[in-house]
Amino acid sequence: MRNVRMGWAILVVISMMVISACGSTTTANKGTNTAGNAKASATGEPTGGDKELVVRFYDNPAGFDPATIFRVENENIAFNVFGGLTTYDGETGELVPDLAESWETSDNKIWTFHLRKGVQWQSGYGEFTAADVQYSYNRIMDPATASTYSAEFADVVKIETPDDYTVVIELSKPNGNFLHVVANYHQGQIVKQEAIEAGGDQVKFNPIGTGPYYVEKIDVNSEIVLARHEDYYKGPAPIKRITFPIIKNESNATIALQNGEIDVIMRSNREEELAILEKAGFKMNSSMNTMTYIMMLNYKNQYLSDVRVRHAVAYALDYPSISAALAPKNETSPAYNIVPDWMDIFTDKVPQYKYDPEKAKALLAEAGYADGINLTLLIGAVNEEYQLVQEYLKAVGINMDFEVVDAATYNQRRLVGEFDISIRAIPALNPDMLLFSYLHPDNIAPAGLNSSSYSNPELTEKLEAAKVELDQEKRQKLYEEVQIIAMEDLPYYPMFGINYYWPSKQNVTGIHINKLSQVNFYDVDMN
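Bear in mind the structure is a predicted one, so any value in this text is a computation, not a measurement. (Residues numbered from 1 in each chain as written. Predicted model: local features only at pLDDT ≥ 70, side-chain atom pairs only at ≥ 80, totals over all residues. Heavy atoms only, no water.)

**Student:** Would you explain the environment of Pro503 in this entry?
**Tutor:** Counting through the fold element by element, Pro503 comes out in strand β18 (residues 492-504). Not counting the four nearest positions on each side in its chain, Pro503 is found in contact with Leu257, Asp263, Val264, Ile265, Ser268, Leu274, Leu277, Lys283, Met284 and Asn285. (Helix = DSSP H or I, 4+ residues; strand = E, 2+ residues; numbered from the N terminus. Contact = heavy atoms within 4.5 Å.)

**Student:** Where do I start with the UniProt feature "domain: Solute-binding protein family" (unreviewed entry) in the protein in this structure?
**Tutor:** UniProt records the feature "domain: Solute-binding protein family" (unreviewed entry) at residues 94-438, using the numbering of this structure. For residues 94-438, helix accounts for 28% and strand for 24%, while the C-alpha atoms at its two ends are 24 Å apart. (UniProt positions renumbered as here; feature names shortened; annotations may be inferred.)

**Student:** In this structure, what is going on with the domain arrangement of the protein? I would like to understand it.
**Tutor:** Many authors give the size of an interface as the accessible area that is lost as the parts come together. Split by domain assignment, the protein resolves into domain 1 (61-213) and domain 2 (289-499). Here domain 1 and domain 2 have C-alpha centroids that lie 30 Å from each other. Taken residue by residue, the interface counts 21 residues in domain 1 and 20 residues in domain 2. Here domain 1 packs against domain 2, burying approximately 1,600 Å² in sum over the two surfaces, 58% of which is carbon and sulfur. Across the contact surface, domain 1 and domain 2 share one salt bridge. Notably, a salt bridge pairs Asp155 with Lys467, separated by 3.0 Å at the nearest N-O pair. At the boundary of domain 1 and domain 2, one finds four residue pairs in polar contact (both at pLDDT 80 or more). (Domains from an automatic or database assignment. Buried area = accessible area lost by both parts, 1.4 Å probe. Salt bridge = Lys/Arg side-chain N within 4 Å of Asp/Glu carboxyl O. Polar contact = N/O pair within 3.5 Å; in protein donor to acceptor, adjacent residues only side chain to side chain.)

**Student:** Which parts of the structure should I look at to understand the packing of aromatic side chains?
**Tutor:** When we look at a pair of aromatic rings, we describe it by the centre distance and by the angle of the planes. Scanning all chains against the criterion turns up 19 aromatic pairs. Centre to centre, the rings of Trp103 and Phe113 are 6.4 Å apart; their planes meet at 50°, and the pair counts as tilted. Of this pair, Trp103 sits in strand β5 (residues 100-104) while Phe113 sits in strand β6 (residues 110-115), and the two are ten residues apart along the sequence. Exposure class is identical for Trp103 and Phe113. Each is buried. Relative to Phe521, the ring of Trp502 lies with its centre 6.2 Å away and its plane at 45°, an arrangement referred to as tilted. Here Trp502 is found in strand β18, whereas its partner Phe521 is found in the loop between β19 (508-509) and β20 (525-526), with 19 residues between them in sequence. A residue is classified by how much of its surface remains accessible, and Trp502, at 1% relative accessible area, is buried. Here the guanidinium or amino end of Arg267 rests over the ring plane of Tyr58, the centre of that ring lying 3.8 Å away. (Phe/Tyr/Trp six-rings, centres within 6.5 Å; stacked < 30°, edge-to-face > 60°. Buried < 20%, exposed > 50% of the residue type's maximum accessible area, 1.4 Å probe, protein only. Lys NZ or Arg CZ within 6 Å of the ring centre and 35° of its normal.)

**Student:** Which parts of the structure should I look at to understand a negative patch on the surface?
**Tutor:** On the surface, a cluster of negative charge is made up of Asp442, Glu458, Glu461, Glu464 and Glu488. At three residues, helix α14 (residues 457-468) tops the list of elements feeding residues into the negative patch. Summarising the element assignment, Glu488 is placed in helix α15 (residues 472-489). (Patch = residues over 30% accessible without salt bridge, like charges linked within 9 Å, V, L, I, M, F, W, Y side chains within 5 Å. Areas by Shrake-Rupley, 256 points an atom, 1.4 Å probe, with all protein chains shown as cover. Lys, Arg positive; Asp, Glu negative; His and termini not counted. Charge placed at Lys NZ, Arg CZ, Asp CG, Glu CD.)

What follows is the structure, encoded as structure tokens:
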């Protein structure tokens, strides 16, 4: 029945095509937080009890080493195992102190962090100190680590530890967003040298952190189990143990929640399943327009290296109609910018490529391809949406085949930039992380996530200037110009904003999905 409905939806949109064709900066420079042991009892005894939570995990775990971690589901585990100097408030998403309880800087260039005392590592590795911060960041910067995120520390000149609870980081140039760089996310997550060395070549499956939960068990084919870190600096979490059974099939996940076999679905993204669960009265925890899904148009392809062809792809697609027909709950559309509209640097002054198939055909003809071109979409699975994209492109003379590969190959091929067209979304709260990843030549794959191999010296100069600019008005103007150039060059076509849903039983509280698509399980409880 579902295929019939989706097929009807495709036909409706194709008919529409035919008819139409005929016709912060976060500049906080000082922070403090003295909160601690917030959930411990007055006597210091744990208050959590023996509650256990079961959360659906939707793919085989790929590892949790902060140097190389990839994909949202893995990041959700790491976010709850590790800590950073700063982190993101589970409910508001605001940048807040974590392992550093305060910091100061006078010029956004030299940052002094004062560490929280008495923080304990999981698994008996002792007390967290400044040496752990120094080791973690040096490890990311070490070429031997081959970290995907080494560029985030490219401006670090030196890291000093004058005592066990103070870290001084000198940058080569000011960075008003540096508190994001040291947050509990990717390169900012602090590891323990002894634990890294003990993990050897399996370190990605032996994460040791200072967060509210530690990894009790990993079976890459069946489940992950997190257990409460009783010595967590804020006090023990309410839930004693969280089991993440791997359930890849969306329908099976829905049935498991309905049958009471699980308490929460980590990301439910099928329209039919969401409708079933909402009608049945489950809690629809959500985050709207969390990040922008983009179509990567690889400059290494002979056709896509021509901006007229990239523009033709954009004019050929009617994504508002595609989203409305196939994914009204899951997609926020239109999206005309790779920067989501809730980010403070966002501008709507970028070029907008509204559906115009005749203009797409004219651009192809102008580029010398009036008879059409052939491209391939690298993807993990073909769905109705990609089939519809294929139809739209075919209508203007762009024949797009599918190359379907397994998840590991899909990730690897995107990381090294081996494709004509592929799909990506980067969760980010730091605008520099998003823009530098996509647009800076230092991040051209495989060095980073600029998998379209994009480079424009004019944009690069403005992007680097924005990062160090202390005047907020000038800084905003530079970011605006960067976005306009990027959308004119169009190495990445913005498809839609993704909405995230974590349906749960009504008795589960505290599930707040931040804009990194992460949930802080320290805030989660069961009535």
